[in-house]
Amino acid sequence: MDAPDVLDLWDLRVRHQPDAPALVTPDRVLTHRSVDRLTDAWAASLAGRGAGPGRLVGLAFADPGRTVLGMLAALKAGAGFTVLDDRLPAAARDSLVRRTEAAVWLGDGAHAPAAAYVPDGAADGTAGGAATGEGAGEGAGAADAGGRPVRPPARAAGHDVAYVLFTSGSTGQPKGTLIERDSLRRFAAAVAERLELAAGDRWLQVASLGFDVLIEEVFPALVAGAAVVCRADTRALDAEELHTLMARTGTTVVELSTQYWLEYARWLDARGLTTPAGLRLVVVGGERMDPRPYREWQARQPARLAHVYGLTECTVSSTFYTGLLPADAREVPLGTPLRDVEISVRRDGRPVPQGEAGEIHIGGPLLARGFLDDDAATARRFVPDPLSAVPGARVYTTGDLGRIDADGNLVFLGRLDDQVKIRGHRLEPARVERALCEDPSVEQAVVFPDPATGTVLWAFTVPADPERAPLPGEAVRLTAVERDALVAPLEEQLPDWAVPRVLYRVSVLPKNPHGKIDKRRLSDWATATVTNAAASTGTAATVTGAGRTVPGAPGPGGEPLSTVLGLFREVLGAPELGPDDDFFEHGGQSLLAMRLLARLREFLPSAAGLRASALLRCPTPRLLAGALATAGPREAGPREAGPQEAGLPR
């Protein structure tokens, strides 16, 4: 008898609860029956264009709802899928399109390949028509007696590809990770079981399309009979927007990166609010977790926490921790493995005694087949497991350092190499450092996350021309033309999170007694630069616990421009920032934008309805202060923004 497929789990839910919600979009709620019929039609169209077992369907929608439908339709056609992130630079997108060699592309976004189309029947059940290329209805396949399209008969095997998603590309170009259908089925069922997902649950989709967390947001919910809640687009939500959307849609489960969750927790605390009544679980992961905010959340918030650990190469998540953190815990555990996941901690290939540190190894049937068209990399990371009794068993060497505690929980202790986590993505800084050194004006470079938040990359460069080097022990922050010249080539080849936003020039990269670059000394030099800048501008400065110097917050009585400018300086840690300096050119990114918006709302009544999109239109203190002045006061408190509030007047 054939092993069950992930679609068998979906079909079971369609039969048992055809009228229950399966996909919630801003326009309407689609039932399991509606989603099933619509994706049958899409699958017939895909099969008519050559999609089938062993082939890929590319998805390049700007709409997360259509992306979910496309994933399900591709699997119904017997094919796998890949998702193209609309935020990747054009060169990176083109490279991924070439490498996947998809049989057909669906999509309607500006980032979609020229041949992409939308099959008949859009996410709202209306005719989609062709986005680009040929007519959408060609090759629509067979229909039943009622005229409804019939799902293609071809059935894929468990070892056929389910999807290919790309890792962060920590070394060289991003690696396409190939996950098989049986691994996807096992994963979806195991997560649904661990998190106790049920028909009444609604999981809000917030991850970037193309990021593997998307798989965890969609398939466990679908196989459990729960609903996936989708936004209108892929725009990042600030904390207030997230809170309002969860409350309005009845979201019960959401997954957030560690830094995103921290911003949301700070926003709740500042407002004296608790999580929406319907929200029962917040899944958090991607970076090492500080026990203090974890305990504070558990003491104040009704929604439970689940701390998660996993890798793209092992089908998203491998372990979950859902318990209450003990008062004496010094680390937040990563938890225990899912069903079908094997976790071991080894040193020199042998398991270490419980409690001792070693490299985390992951085994079991959830491992990826390997990397797309890269047998050498596959052989290096997916190695034969001499400790397994299963013939041909493999184990993935994570490069992560960990231990198993007395309760059987996996505990993360750091990296064995120089990789870092930045906004939930793995990155080997050497890749960025090499790119910086391609500029003839740069002799050496070192890159690492800022020590205060870990959400922005700092770069320290040594100039090729000694005449341009500052005095020893000084760090000169690059601004305007010089910074833009170094950053521009990186923006063409790297995702936004991998591009350094704060750059310094130094005379030498200092070494510690072990001969490694002393990043702490570089951070101290940068702190001294900020302190001196604060003194020269007359701005009061304080040093945070992380060693970062920021200007004192402005009082509520200041005029709008001075208040906005002061908060820009505080959030960016840049007391020298001027009224016409661009937020994003001085290290700003989505998480810092959330923090800035929260601070603005504390001081200015007119900022109550401010949304992140306003910063894109008004990225300088002067422009934003002018927009706030014309917006007028608004009632404070979490609520959905109206169309004019979302962007403020231009």
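Report on the accompanying structure. (Residues numbered from 1 in each chain as written. Predicted model: local features only at pLDDT ≥ 70, side-chain atom pairs only at ≥ 80, totals over all residues. Heavy atoms only, no water.)

## Quick notes on the overall build of the chain
- Regarding its fold elements, the chain presents 18 helices and 29 strands.
- Per-residue burial over the chain gives 58% buried out of 650 residues.
- At a minimum sequence separation of 6, the contacts of the chain that also span at least 24 residues come to 65%.
- For the chain, the accessible area works out to roughly 26000 Å², and carbon and sulfur atoms hold 52% of it. (Helix = DSSP H or I, 4+ residues; strand = E, 2+ residues; numbered from the N terminus. Buried < 20%, exposed > 50% of the residue type's maximum accessible area, 1.4 Å probe, protein only. Contact = heavy atoms within 4.5 Å. Areas by Shrake-Rupley, 256 points an atom, 1.4 Å probe, with all protein chains shown as cover.)

## Some points on unusual backbone geometry
- Unlike most non-glycine residues, E101 shows phi in positive territory, near 50°.
- Residue position: E101 is located in the loop between α4 (90-100) and β5 (104-107).
- If you check the backbone angles, D373 has positive phi at about 55° while not being a glycine.

## Considering the sheet that holds strand β13 (residues 319-321)
- The 9 strands are arranged β2-β1-β9-β8-β10-β11-β12-β13-β14 in an open sheet whose pairing can be described as mixed. With one partner strand each, in any of the chains shown, β2 (29-31) and β14 (336-337) form the two edges of the open sheet.
- In terms of strand pairing, strand β12 (residues 304-309) meets β13 through 3 bridges, oriented antiparallel. Bridged to H307 within β13 is Y321.
- On the sheet, helix α8 (residues 258-271) packs against β10 (253-257), β11 (281-285) and β12 and is oriented at approximately 110° with respect to β10. (Pairing = 2+ DSSP bridges. Axes fitted to C-alpha atoms, helices over the stretch in contact; angles between N-to-C directions.)

## Brief notes about the pattern of salt bridges
- Summed over the entire model, instances satisfying the criterion amount to 31 salt bridges.
- Its salt-bridge partner being D36, residue K76 comes within 2.7 Å of it at the nearest N-O pair. Separated by 40 residues along the polypeptide, K76 in helix α3 (residues 64-76) and D36 in helix α2 (residues 32-48) bring together distant segments of the chain. Considered together, K76 and D36 belong to a single accessibility category, that of buried residues. (Salt bridge = Lys/Arg side-chain N within 4 Å of Asp/Glu carboxyl O.)

## Some details on the pairing of strand β15 (residues 342-347)
- Strand direction decides the pairing type here: β15 and strand β17 (residues 358-363), joined by 5 bridges, are antiparallel. Its bridge partner being in β17, E342 is matched across the sheet by G363.
- In this sheet, strand β16 (residues 350-351) lies alongside β15 in antiparallel orientation, the contact comprising 2 bridges. Considered in β16, the bridge of R346 is made with P351.

## Here we look at the packing of aromatic side chains
- Following the criterion strictly, the structure yields 15 aromatic pairs and no others.
- Taken together, a centroid distance of 5.6 Å and an interplanar angle of 65° make the contact between F371 and F382 edge-to-face. Linking F371 in strand β18 (residues 370-371) with F382 in strand β19 (residues 382-384), this pair joins segments that are 11 residues apart in sequence.
- Given a relative accessible area of 6%, F371 falls into the buried group.
- Where F448 meets W458, the ring centres are 6.4 Å apart and the plane angle is 55°; that geometry is what we call tilted. A residue pair is termed long-range when its members are at least 10 positions apart, and F448 in strand β24 (residues 442-449) and W458 in strand β25 (residues 457-463) qualify at 10 residues. With respect to class, F448 is no different from W458; both count as buried.
- Aromatic ring contacts, followed pair by pair, group W261, Y264, W267 and W297 into a single cluster.
- Stacked on the ring of Y117, the Lys or Arg R49 has its end atom at 3.8 Å from the ring centre. (Phe/Tyr/Trp six-rings, centres within 6.5 Å; stacked < 30°, edge-to-face > 60°. Lys NZ or Arg CZ within 6 Å of the ring centre and 35° of its normal.)

## A short note on the nonpolar core
- Of all hydrophobic cores here, the largest spans 83 residues; its most connected members are F81, I215 and F219.
- With 8 residues, the top contributor of residues to this core is helix α6 (residues 213-224).
- Apart from the residues lying within four places of it in its own chain, the contact partners of F81 are L56, V57, L59, M71, A74, L75, A162, Y163, V164, I215 and F219.
- Within the second largest apolar cluster, 38 residues are counted, among which are L567, A574, L597 and L615. (Core = buried A, V, L, I, M, F, W, Y, C linked by side-chain atoms within 4.5 Å.)

## Quick word on helix α15 (residues 590-603)
- In a regular helix each residue adds 1.5 Å, so 14 residues correspond to 20 Å; α15 covers 20 Å between its end C-alpha atoms and thus fits that length.
- Extensive coverage of α15 is indicated by the burial of 12 of its 14 residues.
- Every buried residue of α15 is listed here: L591, L592, A593, M594, R595, L596, L597, A598, R599, L600, R601 and F603. (Expected span 1.5 Å × (residues − 1).)

## Details of helix α5 (residues 181-194)
- A rise of 1.5 Å per residue sets the reference length of α5, with its 14 residues, at 20 Å; its end C-alpha atoms lie 20 Å apart and thus fit the reference within 8%.
- Most of α5 sits inside the fold, with 10 of its 14 residues counted as buried.
- Taken as a whole, α5 has its buried residues at R181, D182, S183, L184, R185, F187, A188, A190, V191 and A192.
- Here the buried face of α5 lies against α1 (6-16), α3, β6 (161-166), β7 (176-180), α6 and β13.
- Following α5 by one or two positions, E196 has its phi on the positive side, about 55°.

## A word on the sheet that holds β24
- What the 4 strands build is an open sheet, ordered β24-β25-β27-β26; its pairing is mixed. The sheet is open, and its two edges are formed by β24 and β26 (476-477), each paired on a single side.
- Pairing analysis gives 2 bridges linking β26 to strand β27 (residues 502-505), with the strands arranged antiparallel. Across the sheet, the residue bridging to R477 is Y504, located in β27.
- Strand contacts of helix α11 (residues 429-437): β24, β25 and β27, with the helix running at about 150° to β24, the strand carrying the most contacts.

## A closer look at the environment of G473
- The topology assignment puts G473 in the loop between β25 and β26.
- In this structure, the C-alpha to C-alpha distance between G473 and L509, residues 36 residues apart in sequence, is 9.7 Å.

## Side note on the pairing of β5
- The side-chain alternation of β5 yields two buried faces, one formed by V104 and L106 and the other by W105 and G107.
- Pairing of strand β3 (residues 56-60) with β5, which is carried by 4 bridges, proceeds in the parallel orientation. Residue A60 lies in a different strand from β5, and its bridge partner there is G107.

## Describing the packing of α3 against α6
- Two numbers describe how α3 lies on α6: the axes approach to 11 Å, and their chain directions differ by 75°. On the basis of their axis angle, the class for α3 and α6 is roughly perpendicular. Side by side, α3 and α6 meet where T67, V68, M71 and L75 of the first sit next to L214, I215, V218 and F219 of the second.
- By residue class, the composition of the contact of α3 with α6 is 7 nonpolar, 1 polar and no charged. (Parallel < 35°, antiparallel > 145°, perpendicular 65-115°, else oblique. Nonpolar A, V, L, I, M, F, W, Y, C, P; charged D, E, K, R; others polar.)

## What about the packing of α1 against α6?
- The geometry of α1 relative to α6 is characterised by a closest axis approach of 7 Å and an angle of 50° between their N-to-C directions. With respect to α6, the axis of α1 lies oblique. Contacts from V6, L9, W10 and R13 in α1 reach F219, L222, V223 and A224 in α6.
- Its residues assigned to classes, the contact of α1 with α6 shows 7 nonpolar, no polar and 1 charged.

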